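Below are the chains, spelled out letter by letter.
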Amino acid sequence: MNITNLQLYRGISRKLINIFKPRRSACLHPNIQYNQRNGYLMTLCQHSSAAAPNGSSPMAMVFDRKAKRNQRNRTAFLKNYEDYDYIKEEFGFRLYDRICDIKRQFNLMVELGCGRGHIAKHITADIVTDRIIQCDWAEQVLNQAAISKEVKTEKRIVDEESIPFEPNSIDIVVSNLSLHWVNDLPGSLKQINNCLKEDGVLIGSMFGHETLFELRVALQQAELELEGGFGIHVSPFAECTDIGRLLNQAGFTLITLDLDALVVSYPSMIELLQDLKGMGENNCTLNRKTHLHRKTVKRAAEIYQEKFGNEGKESIPATFEVIHFIGWKPHPSQAKPAKRGSGQMSIKDLGEFEKIAKERKIHVISDTDVDATKKDDS
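Structure report, in brief.

Analysis parameters
- Residues numbered from 1 in each chain as written.
- Predicted model: local features only at pLDDT ≥ 70, side-chain atom pairs only at ≥ 80, totals over all residues.
- Heavy atoms only, no water.
- Buried < 20%, exposed > 50% of the residue type's maximum accessible area, 1.4 Å probe, protein only.
- Helix = DSSP H or I, 4+ residues; strand = E, 2+ residues; numbered from the N terminus.
- Right-handed = clockwise from strand over helix to strand, strands pointing away.
- Pairing = 2+ DSSP bridges.
- Patch = residues over 30% accessible without salt bridge, like charges linked within 9 Å, V, L, I, M, F, W, Y side chains within 5 Å.
- Areas by Shrake-Rupley, 256 points an atom, 1.4 Å probe, with all protein chains shown as cover.
- Salt bridge = Lys/Arg side-chain N within 4 Å of Asp/Glu carboxyl O.
- Contact = heavy atoms within 4.5 Å.
- Expected span 1.5 Å × (residues − 1).

Notes on the pairing of strand 6 (residues 196-207)
One face of the sheet, then the other: side chains in a regular strand alternate in exactly this way. In terms of burial, strand 6 is largely enclosed, as ten of its twelve residues are buried. For the crossover from strand 5 (residues 170-176) across helix 4 (residues 185-195) to strand 6, the handedness is right-handed. In terms of strand pairing, strand 6 meets strand 8 (residues 316-328) through seven bridges, oriented antiparallel. Paired with Val201 across the strands is Trp328, a residue of strand 8.

As structure tokens, this is what we get:
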């Protein structure tokens, strides 16, 4: 496992960000050390039979989208609003790096939930040849979005739950840490698939279910001790396997998933809560508690430090797990799996592969052949 350590400083070394970048298989579940992380799941969330956008099936109303729009718009009036974008900046660049891995030029790109343009500002004319459309529901934040220096860019106020683009009109859709606030994620993914051209691609990232588990545990335990129950203070997040299944159901193919874990150190839980508010990532679940008692916050901060505090330091870690995903709209030119029953060997015979290969006169490429090929290329 490759681990990259990156140190980023905000202000006068107010916090140290250690970024770990493990590549884990989509079929593996992250190790769970504290069962309280998933203590509430989705069972405490209010549900509604309200119709979903574009006439799709009824959806579960988990988030207050109007409240989230207001929360994000308020961040635009902070004097130092750019100081709170360190997480979105980092993962916006990582997503741009994934775009560069695709050796193709795109005519039209849509940055969905663009925030302050954490992806588009990196895009050059050799990646997108025509234009970029930056979309966000928070109009004040959208006005502050950085744009590409080389590609024509336009901005539109767009709700991720109601995507207005024509079918088969877009080459690539990118989304950085935005879709985790969508109520009807299956519906949004289907709308994205519908507006993509054949062989178009969706590249995105969103927070995973391990995000802020330390904060969740601390707040829940403090409220149980002092108030006899707890409310939802950390929003529910999806698991990696959930995203893969939803992309498949939405009609995407050649799906790729991987996880990143970013651990940020803060002086205390109070600074963490302040930064979440500055990011516009504070809680907006429909049945959220409107306030926290001072005693509960104090006790939660103590529990946070006791359970998760950095050894030998007066600081606490906060985990941000991010799911990266890529999905393609089907096209006849894409690679397809072999027909069922077309295999010439059984998996149980792999231990005797060399013997079978000799019997069937199948040439097996050896290390010597590889080395010879390298010498010829040089």
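Brief notes about a nonpolar patch on the surface
Taken together, the side chains of Ile347, Leu350 and Phe353 define a hydrophobic patch exposed on the protein surface, amounting to about 320 Å² of accessible area. Here Leu350 shows up in the loop between strand 8 and helix 9 (353-359). Relative accessible area serves as the criterion here: at 53%, Leu350 is assigned to the exposed category.

Things to note about the environment of Met109
Within the fold, Met109 resides in strand 2 (residues 106-112). A residue is classified by how much of its surface remains accessible, and Met109, at 0% relative accessible area, is buried. Once you skip the residues sitting within four places of it in the chain, Met109 turns out to touch Ile99, Ile123, Val128, Arg131, Ile132, Ile133, Ile172 and Val174.

Topic: helix 5 (residues 213-227)
Think of an α-helix as turning once every 3.6 residues; residues three or four places apart then point the same way. The end-to-end C-alpha distance of helix 5, which contains 15 residues, comes to 20 Å, matching closely the 21 Å that a straight helix rising 1.5 Å per residue would cover. Those residues of helix 5 not exposed but buried are Phe213, Glu214, Leu215, Arg216, Val217, Ala218, Leu219, Gln220, Ala222 and Glu223. On its buried side, helix 5 packs onto helix 7 (269-279), helix 8 (294-308) and strand 8.

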